[in-house]
Amino acid sequence: EAGVAQSPRYKIIEKRQSVAFWCNPISGHATLYWYQQILGQGPKLLIQFQNNGVVDDSQLPKDRFSAERLKGVDSTLKIQPAKLEDSAVYLCASSNRGGTGGYEQYFGPGTRLTVT
Amino acid sequence: SQQGEEDPQALSIQEGENATMNCSYKTSINNLQWYRQNSGRGLVHLILIRSNEREKHSGRLRVTLDTSKKSSSLLITASRAADTASYFCATDGMGSYIPTFGRGTSLIVHP
């Protein structure tokens, strides 16, 4: 079974530029998550999708971050404009359940973003 | 705010020793999960324990849950150098099924 795919793996941009990350979840997984992990901290959930609908985006800085999951499969996360504090690893995860919690999440390798 | 907090922040042991790390949380939970993260394999799920369970085993891993103390522990027996990683607990609580991660315990196992 192929795992969660993410691209790019690394990205370096200057502040105020925009950037986009792509995630392809495990086939058949209805739930998709985007996390931000700052160095030395645990992952923080940004947004959760169930199929192509948003379940929770309460921690997504909506003035600069946006995410979509077209057709309930692939997802993109965009930052525009980027700030220095956005430097982090962005992790995508998927689960074959999730609406009622308590199910294993499968994580991708992450995208390491550096904003200079 | 992060629900679970792991303790200790860092742990250094010799190969063959046991490693114990703890997770404390503040509000009632439905489920608690432990994950491992290292540079080679990213973030990997280890064990899920539900609020009505007290103990679970998986290979060399043993997880306990004490809901009265709002705490969980992860025991790794006969540790190996390959167990070197950061270990996170993630909880989802009553009314919210969104998993919340702690800051993690950094484990180093010396060969």
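Since the structure is predicted, the reported quantities are computational estimates derived from the model, not experimental observations. (Residues numbered from 1 in each chain as written. Chains lettered and ligands numbered in written order. Predicted model: local features only at pLDDT ≥ 70, side-chain atom pairs only at ≥ 80, totals over all residues. Heavy atoms only, no water.)

Caption draft 1: Fine view of the overall build of chain B. Counting its regular elements, chain B contains zero helices and 11 strands. Walking chain B from its N terminus toward its C terminus, one meets helices and strands in the order β-β-β-β-β-β-β-β-β-β-β. The C-alpha radius of gyration of chain B comes to 13 Å, within 12% of the 13 Å expected for a compact globule of 111 residues. Dimensions of chain B, computed from the C-alpha atoms along their principal axes, are close to 45 × 25 × 20 Å. Here chain B, with 111 residues, has 47% of them falling under the buried criterion. Of note, chain B has its 12 positive side-chain charges centred 4 Å away from the centre of its 10 negative side-chain charges. (Helix = DSSP H or I, 4+ residues; strand = E, 2+ residues; numbered from the N terminus. Rg over C-alpha atoms; globule rule 2.2 N^0.38 Å. Buried < 20%, exposed > 50% of the residue type's maximum accessible area, 1.4 Å probe, protein only. Lys, Arg positive; Asp, Glu negative; His and termini not counted. Charge placed at Lys NZ, Arg CZ, Asp CG, Glu CD.)

Caption draft 2: Structural view of the side chain of serine 73 of chain B. All names here are of chain B. Of note, serine 73 is situated in strand β8 (residues 71–76). Engagement of the side chain of serine 73 in a polar contact is seen with the side chain of threonine 64, the distance being 2.6 Å. Excluding anything up to four places from it in sequence, serine 73 contacts Thr20, Met21, Asn22, Trp34, Arg62, Val63 and Thr64. (Polar contact = N/O pair within 3.5 Å; in protein donor to acceptor, adjacent residues only side chain to side chain. Contact = heavy atoms within 4.5 Å.)

Caption draft 3: Representation of the environment of threonine 105 of chain B within the structure. All names here are of chain B. Its place among the elements puts threonine 105 in strand β11 (residues 105–110). Along the primary structure threonine 105 and serine 86 are separated by 19 residues, whereas in three dimensions their C-alpha atoms are 5.4 Å apart. If we skip the residues at most four places from it in the chain, threonine 105 touches Glu6, Asp7, Pro8, Gln9, Leu11, Met21, Ala85, Ser86 and Tyr87.

Caption draft 4: Region of interest: the packing of aromatic side chains. Residue and element names in this part refer to chain A. What the rule picks out here adds up to nine aromatic pairs over all chains. Each ring, one from phenylalanine 21 and one from tyrosine 90, has its centre 5.0 Å from the other, and the planes form 25°; the classification is stacked. Highlighted residues: phenylalanine 21 in strand β3 (residues 19–24) and tyrosine 90 in strand β9 (residues 88–95), separated in sequence by 69 residues. Using a relative accessible area of 1% as the deciding quantity, one classes phenylalanine 21 as buried. (Phe/Tyr/Trp six-rings, centres within 6.5 Å; stacked < 30°, edge-to-face > 60°.)

Caption draft 5: Region of interest: the interface of chain A and chain B. With 20 residues of chain A in contact, the opposing surface of chain B contributes 17 residues. In this assembly, chain A packs against chain B so that about 1,500 Å² is buried in total across both faces, 53% of it on carbon and sulfur atoms. Linking chain A with chain B are zero salt bridges. Where the side of chain A that touches chain B is concerned, the elements lending two or more residues are β4 (31–37) and β5 (44–50) of chain A. The biggest single contributor to the side of chain A that touches chain B is β4 of chain A, with three residues. Taken together, the residues of the side of chain A that touches chain B break down into seven nonpolar, 11 polar and two charged. (Buried area = accessible area lost by both parts, 1.4 Å probe. Salt bridge = Lys/Arg side-chain N within 4 Å of Asp/Glu carboxyl O. Nonpolar A, V, L, I, M, F, W, Y, C, P; charged D, E, K, R; others polar.)

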